[in-house]
Amino acid sequence: MGEVLHITGRILTGPDEATDELWVVDGRITYDRPATEAVTVRGWALPGLVDAHCHVGLDHYGAVAAETSEKQALADRDAGALLLRDAGSPSDTRWVDDRADLPRIIRAGRHIARARRYIRNFAHEIEPGDLAAYVRQEARRGDGWVKLVGDWIEREAGDLTPCWPKDALVEAIAAAHEEGARVTAHCFAEDTLHDVVTAGIDCVEHATGLTDETIPLLVEHGVAIVPTLVNIATFPDLAASGEAKYPRWADHMRRLHARRHETVRNAYDAGIAVYAGTDAGSSLPHGLIAAEVEELVTAGLPVTAALSATTWQAREWLGRPGLEEGAPADLVVYDADPRADIRVLAAPRRVVLRGAVVA
């Protein structure tokens, strides 16, 4: 038996559910007092936070060395993000699973993009006729998810355009579902959403192009979104850097940015499930989950809903336990109630991973 912990104060087991204490014995949660001495940790406890869109093993230029991947994972861990949905990476990060001190990763394999329509060195770059085969391949390599690039700038058009014809999407998403995997897609533009949703997509990343016409479509099909608002905040700088060559695209990116909070609020109000993700690893550093949750609150989500987007609801969506009896002890302890002040998330008092205090 390792160190026994006694977490006491307020244990937030759900948005409106709390208890006064739990124990960590042999790396697992129990609400039954053990017959042994324990180290006490006091505060407000949440399940380990979820970053539902990040990229471990990736930087601006593509795959990175294991040393850099380790630093990325540690930055997330120290911020309280103990469950990561890796939304596409060219690196093999399976070795992370053997490290008790690093977050748990749910992988989506490598991005799948249209040839010459995405960031160099990030993705499999293919044509539509090969999409289903590559989706099957990544479904078998991943942990129940596949990541498509749904739209990107098309040089001839000078703007964002969809990457895939509808029939290719239908075949590919069906293939993923046959393999037991869910499919998500990078989507910035408005006119990408109808085809990916009606083709059977399970989730949309970024979703900046949602409109009054497509929001009901996502509701009808039960499609979730991960808005990555800390990434969308970079759109004005991206627009400025590309304006001379692609003025139409730059204007489009600025418009998407200007309405970003309204878009997310409207989606939430309509009943679309919203989850917290940072898009760390390509252009952003890791460890930004608290900033992303604060952005969701700024967009108009109630504080408990924004918290749920990175804790209770997010873990249920990804099929991972929270603070139930017998669950692995992955939790974060704070000095104050994050439901009263969301900024508390930025300063964890203790991070407990696999039953050990790691930060």
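See the structure above.
Residues numbered from 1 in each chain as written. Predicted model: local features only at pLDDT ≥ 70, side-chain atom pairs only at ≥ 80, totals over all residues. Heavy atoms only, no water.

J.: Sorry if this is basic, but what is going on with the overall build of the chain here?
T.: Along its length, the chain carries 12 helices and 20 strands. Relative to the compact-globule value of 21 Å for 359 residues, the chain shows a C-alpha radius of gyration of 20 Å, a close match. Each of the 359 residues in the chain was classed as buried or not, and the buried ones make up 55%. Contacts in the chain between residues far apart in sequence, at least 24 positions, make up 66% of those at least 6 positions apart. A total accessible area of about 14,300 Å² is found for the chain, and carbon and sulfur atoms account for 47% of it. Looking at the chain, you have 37 positive and 56 negative side-chain charges, and the mean spots of the two groups are 3 Å apart. (Helix = DSSP H or I, 4+ residues; strand = E, 2+ residues; numbered from the N terminus. Rg over C-alpha atoms; globule rule 2.2 N^0.38 Å. Buried < 20%, exposed > 50% of the residue type's maximum accessible area, 1.4 Å probe, protein only. Contact = heavy atoms within 4.5 Å. Areas by Shrake-Rupley, 256 points an atom, 1.4 Å probe, with all protein chains shown as cover. Lys, Arg positive; Asp, Glu negative; His and termini not counted. Charge placed at Lys NZ, Arg CZ, Asp CG, Glu CD.)

J.: Would you mind showing me how to read the sheet that holds strand β5 (residues 49-54) here?
T.: Adjacent strands of a sheet form backbone hydrogen bonds with each other and so pair up, either parallel or antiparallel. Overall, parallel pairing links the 3 strands, which are arranged β5-β8-β9 in an open sheet. Here the strands that pair on one side only, and so sit at the sheet edges, are β5 and β9 (104-107). With strand direction ignored, the average angle separating the axes of adjacent strands in the sheet is 20°. Across 4 bridges, strand β8 (residues 81-86) lies against β9 in parallel orientation. Residue pairing across strands places R85 opposite I106, the latter belonging to β9. (Pairing = 2+ DSSP bridges. Axes fitted to C-alpha atoms, helices over the stretch in contact; angles between N-to-C directions.)

J.: Mind showing me how you'd approach the pairing of strand β1 (residues 5-14) here?
T.: Note on strand geometry: in a regular strand, side chains alternate between the two faces of the sheet. Taking burial as the measure, the 10 residues of β1 include 7 buried ones, the bulk of the element. Note that β1 and strand β4 (residues 39-47) share 7 bridges and pair parallel. Counted as the bridge partner of I11 is A45 from β4. Note: β1 against strand β2 (residues 17-25), 7 bridges, orientation antiparallel. Opposite G14, over in β2, you have E17 as the bridge partner.

J.: Where do I start with helix α1 (residues 66-78) in this structure?
T.: Helical geometry note: an α-helix holds 3.6 residues per turn, so side chains three or four residues apart project in the same direction. Counted at 1.5 Å a residue, the expected span for α1 with its 13 residues is 18 Å, and the 18 Å between its end C-alpha atoms agrees. Those residues of α1 not exposed but buried are S69, Q72, A73, D76 and R77. The buried residues of α1 all sit within an arc of 135° when viewed along its axis, so they share a single face. In this structure, α1 carries E67 and K71 as exposed residues pointing more than 90 degrees from its buried face. Just past α1, the residue G80 takes up positive phi, approximately 95°. (Expected span 1.5 Å × (residues − 1). Arc of directions from axis to C-beta.)

J.: Where do I start with the packing of aromatic side chains in this structure?
T.: Tallied over the entire structure, the rule returns 6 aromatic pairs. When the centroid spacing of 4.9 Å and the interplanar angle of 75° are considered together, the rings of F188 and F235 count as edge-to-face. Taken together, the positions of F188 in the loop between β15 (182-187) and α4 (193-198) and F235 in helix α7 (residues 235-242) put the pair 47 residues apart, joining distant regions of the chain. We classify F235 as buried; its relative accessible area is 1%. Through a chain of ring-to-ring contacts, three or more aromatic side chains come together here, namely Y118, F122, W152, F188 and F235. The ring of W145 carries R85 above its face, with NZ or CZ at 4.6 Å from the centroid. (Phe/Tyr/Trp six-rings, centres within 6.5 Å; stacked < 30°, edge-to-face > 60°. Lys NZ or Arg CZ within 6 Å of the ring centre and 35° of its normal.)

J.: How should helix α3 (residues 166-178) be read in this particular structure?
T.: Spanning 13 residues, α3 covers 18 Å between terminal C-alpha atoms, matching the ideal 18 Å at 1.5 Å per step. Those residues of α3 not exposed but buried are A168, L169, A172, I173, A175 and A176. Here the buried residues of α3 occupy an arc of 155° about the axis, which is enough to place them on one side. Of the exposed residues in α3, those oriented more than 90 degrees away from the buried face are D167, E171 and E178.

J.: What exactly am I supposed to notice about the nonpolar core here?
T.: Most often, soluble globular proteins have nonpolar side chains that are buried together. Formed by 70 residues in total, the largest nonpolar core has its most connected members in L131, L148, I201, I225, L296 and L345. I29, A329, L331 and V333 belong to the second-largest nonpolar core, a separate cluster that totals 14 residues. (Core = buried A, V, L, I, M, F, W, Y, C linked by side-chain atoms within 4.5 Å.)

J.: Could you clarify how one ought to interpret the sheet that holds strand β18 (residues 331-334) in this entry?
T.: With mixed pairing, the 7 strands of this open sheet are ordered in space as β3-β2-β1-β4-β18-β19-β20. Strand pairing shows two members of the sheet lacking a second neighbour, β3 (28-30) and β20 (356-357), which therefore form its edges.

J.: Help me understand the side chain of D86 in this model?
T.: Here D86 lies in strand β8. Despite its burial, D86 pairs with no opposite charge, the nearest such side chain being R107 at 5.9 Å. Within the local environment of D86, its side chain forms a polar contact with the backbone nitrogen of V56, the two atoms lying 2.9 Å apart. With residues up to four places along the chain from it excluded, the contact list for D86 reads C54, H55, V56, I105, I106, R107 and A108. (Salt bridge = Lys/Arg side-chain N within 4 Å of Asp/Glu carboxyl O. Polar contact = N/O pair within 3.5 Å; in protein donor to acceptor, adjacent residues only side chain to side chain.)

J.: Would you explain the pairing of β8 in this entry?
T.: In terms of residue burial, β8 counts as a mostly covered element, since 6 of its 6 residues are buried. Pairing analysis gives 4 bridges linking β5 to β8, with the strands arranged parallel. Within the sheet, the bridge partner assigned to L49 lies in β8 and is A81.

J.: Just checking my understanding: could you explain the environment of K71 for this structure?
T.: Among the structural elements, K71 can be located in helix α1. Sequence separation between K71 and H286 is 215 residues, and the spatial gap between their C-alpha atoms is 8.8 Å.

So far we have only geometry, and geometry alone does not tell us how the molecule works.
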